[in-house]
Structure formats: structure tokens, C-alpha cells
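A look at the structure
Chain residues, written in single-letter form:
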Amino acid sequence: MLIIYPWFLYQRLQTALESLLEEDSYCVDTALRLFGKIPPDRRPTSLQLPHAELNARQREAVQLCSDRNLAFIWGPPGTGKTTTLGHILTELMKQGKRLLVTSTTNAAIDQALAHLAELGDAQPTLMSGRIVRVGQTEAPTFGASTNEVKNRLHAETREKIEALRSLQNERYGQITPCDLILEKLQADTQQLDLFDRVELKTLTSQDLRPIFSENDLQYVLNLPTKR
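I will try to describe carefully the structure that is included in this document. (Residues numbered from 1 in each chain as written. Predicted model: local features only at pLDDT ≥ 70, side-chain atom pairs only at ≥ 80, totals over all residues. Heavy atoms only, no water.)

**Observations regarding the overall build of the protein chain**
Operational definition: Under the DSSP-based scheme used, a helix requires at least four consecutive residues in state H or I and a strand at least two consecutive residues in state E, with every element numbered from the N terminus. A simple rule labels every residue: compare its accessible area, found with a 1.4 Å probe on the protein chains alone, to the largest value its type can have, and call it buried under 20%, exposed over 50%, or partly exposed in between. Pairs of residues are marked as contacts when any of their non-hydrogen atoms sit within 4.5 Å. All accessible areas in this document rest on Shrake-Rupley with a 1.4 Å probe, and a residue is counted as covered only by the protein chains that are shown.
Looking only at helices and strands, one finds 10 helices and zero strands in the protein chain. In the protein chain, the order of α-helices and β-strands from amino to carboxyl end is α-α-α-α-α-α-α-α-α-α. Put simply, the protein chain has 227 residues, and 21% of those count as buried. Restricting to contacts in the protein chain with at least 6 residues of sequence separation, those with at least 24 account for 47%. Carbon and sulfur atoms provide 55% of the accessible area of the protein chain, an area that totals close to 17,400 Å².

**Digging into the packing of helix H4 (residues 81-94) against helix H5 (residues 106-117)**
For clarity, the cut-off: Only C-alpha atoms enter the line fits that serve as axes; for helices the fit covers just the stretch in contact. Angles between N-to-C directions range over 0 to 180 degrees. The sense of a crossing depends on the near helix, which, turned anticlockwise from the far helix by less than a right angle, makes the crossing left-handed and, turned clockwise, makes it right-handed. Just so you know the grouping, Ala, Val, Leu, Ile, Met, Phe, Trp, Tyr, Cys and Pro go in nonpolar, Asp, Glu, Lys and Arg go in charged, and all remaining residues, Gly too, go in polar.
Two elements in contact, H4 and H5, have axes separated by 8 Å at closest approach and are oriented at 65°. Of the two elements, H4 crosses H5, and the hand of that crossing is right-handed. In this structure, H4 uses Thr 82, Thr 83, Leu 85, Gly 86, Leu 89, Thr 90 and Met 93 to contact H5, whose residues at the interface are Gln 111, Ala 112, His 115 and Leu 116. Partitioned by chemical class, the residues of the contact of H4 with H5 number five nonpolar, six polar and no charged.

**Looking at unusual backbone geometry**
The phi torsion at His 51 lies on the positive side, around 55°, for a residue other than glycine. By the element assignment, His 51 lies in the loop between helix H2 (29-34) and helix H3 (56-67). Residue classification places His 51 among the buried residues on the basis of a relative accessible area of 3%.

**Considerations on the pattern of salt bridges**
Cut-off, in case you're wondering: The term salt bridge refers to a pairing of a side-chain nitrogen on Lys or Arg with a carboxyl oxygen on Asp or Glu at a separation within 4 Å.
Applying the stated criterion across every chain, the model contains six salt bridges. Measuring nitrogen to oxygen at the nearest pair gives 3.3 Å for the salt bridge that ties Asp 41 to Arg 33.

**Observations concerning the side chain of Thr 84**
Here Thr 84 is to be found in helix H4. According to the relative accessible area criterion, Thr 84 is buried, its value standing at 5%. Non-local contacts of Thr 84, meaning those with residues more than four positions away in its chain, are made with Gln 58, Ala 61 and Val 62.

**Concerning the packing of H3 against H4**
The packing of two helices is summarised by the inter-axis angle and the distance between the axes. Going by this rule: Any angle that is under 35 degrees is reported as roughly parallel, and any over 145 degrees as roughly antiparallel; angles of 65 to 115 degrees are reported as roughly perpendicular and all others as oblique.
Contact geometry for H3 and H4: axes closest at 9 Å, N-to-C directions at 40°. Classified by the interaxial angle, the pair formed by H3 and H4 is oblique. Here H3 runs over H4; the crossing is right-handed. On the side of H3, the interface is formed by Gln 58, Ala 61, Val 62, Cys 65 and Ser 66, while H4 contributes Thr 84, His 87, Ile 88, Glu 91 and Leu 92.

**Here's the deal with H5**
Heads up, the condition is: Expected span of a helix: the number of residues minus one, times 1.5 Å.
Taking 1.5 Å as the rise per residue, H5 with 12 residues should run 16 Å; its terminal C-alpha atoms sit 16 Å apart, in good agreement. Those residues of H5 that are buried lie in contact with H4 and helix H6 (123-127).

**Describing H4**
Relative to the 20 Å expected for 14 residues at 1.5 Å per residue, H4 spans 20 Å between its end C-alpha atoms, a close match to the ideal helical length. Those residues of H4 not exposed but buried are Thr 84, Gly 86, His 87, Ile 88, Leu 89, Thr 90, Glu 91 and Leu 92. Looking at the buried side of H4, the elements it contacts are H3 and H5. A positive phi of about 85° marks Gly 96, the residue just after H4.

Take a look at the structure:
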């Protein structure tokens, strides 16, 4: 008769995880917390949303996920686990955290997104396309597809490029009159002994009038001067 010790695989896995602690290139804290070998970190936080439609136990679950870096939520069917998950996601998004939601089935993801879409606080994030739905499903779902995200990012990049080009053209337009004035000044000062007769700091509009047209003269007089 063959007898298999039921904790054999667990102990082998535990030994393997503990051996990884000696390697600096691995981070196994989360795995060890899963097996209860390291206590989870808990930092009390203040919820950003009221979650008024949840009962006391469901709000406690939201608070737990907000406070801890590792949390388990369990409940029998019909206790509102998916609804609570929607509130947890909304709360963590409100706190500015980036989230990744995974499941063994596409249907579970669709249900989580459906509950998330029912919450008014999540609507701006959904409408802006910041929630990305990865995976195939034939059921109605929420969240942007990866192609939609790619197209949005390309559009945003194109808008930034066009804005930079417009700014560049605007700056060129401001530089061109100055270049023309400098060229005219260089040409005229070769013919006039203006700067030998008058110190630069004492130049007046009358001194500059023979060099510039009336429009250019007004432009020069309005230029800021160093003090």
C-alpha cells in the first residue's frame, strides 16, 4: 500500500521559497506572506469614498485592502464579493494606484467591470479609456481594448508633435523680424559713423531714425533693454 504524506509538496515548496531568500535577485516576500511565513504589512489609511451602499462587513473588506499589501476576501455565493471588488477597485483608483485585475475566466473579469461601471466614481476613468480590457469575450463588457489604447496614444503623440511644430513656427516668426533688423543695422552702420559719434547708451530715437523705417523704429524702441 502506497501512503503519501499530505504535506510533502507544501514542505518542498516552502523549502524552495526559503532558499530563494539567499539570492538578492529574487523578491519572495509576497510568496512567503501567502504561506503565512511573513506577516503582511498594514498601514492604516483613510478611505477616499463613502461606499455607503455596502454593509459593514463589505466596507471592512474595502478598508482591509486599502490598508494591507496582501489581503484575502472569502464569502459564500450571494454575499456580494464581486460588488465589493468593484468598490475596492474604485477606492484604490481614487487613491491614485495602478491596478491589475486577473481571473481564470473572462466572464469573471466582465462581471467585475460591470460592477465597476455601475459606480459613478469610476465613470470618468472608464470614459477616458484608462481602463484596458485584455482578452476575448463575446459578452458585453467595459474598458478599452488594446487597439483603442494604441490609437489613443498615437493620437496624443501626434497632437503633441503638431503643438511643438506650431510653437516652433511661432518662434521663427518672432526671430525673423529681428534678423532683418540686425541685417539692416549692420549694413547701415558700415556707411554711417554713428557709433563713433555717439555712445550706445546715449542713442535716441532721432539717432536711429536715419537707419530704420518708422515701423522698424517702433519695433526697436519697444524691445526690452538690459539694466
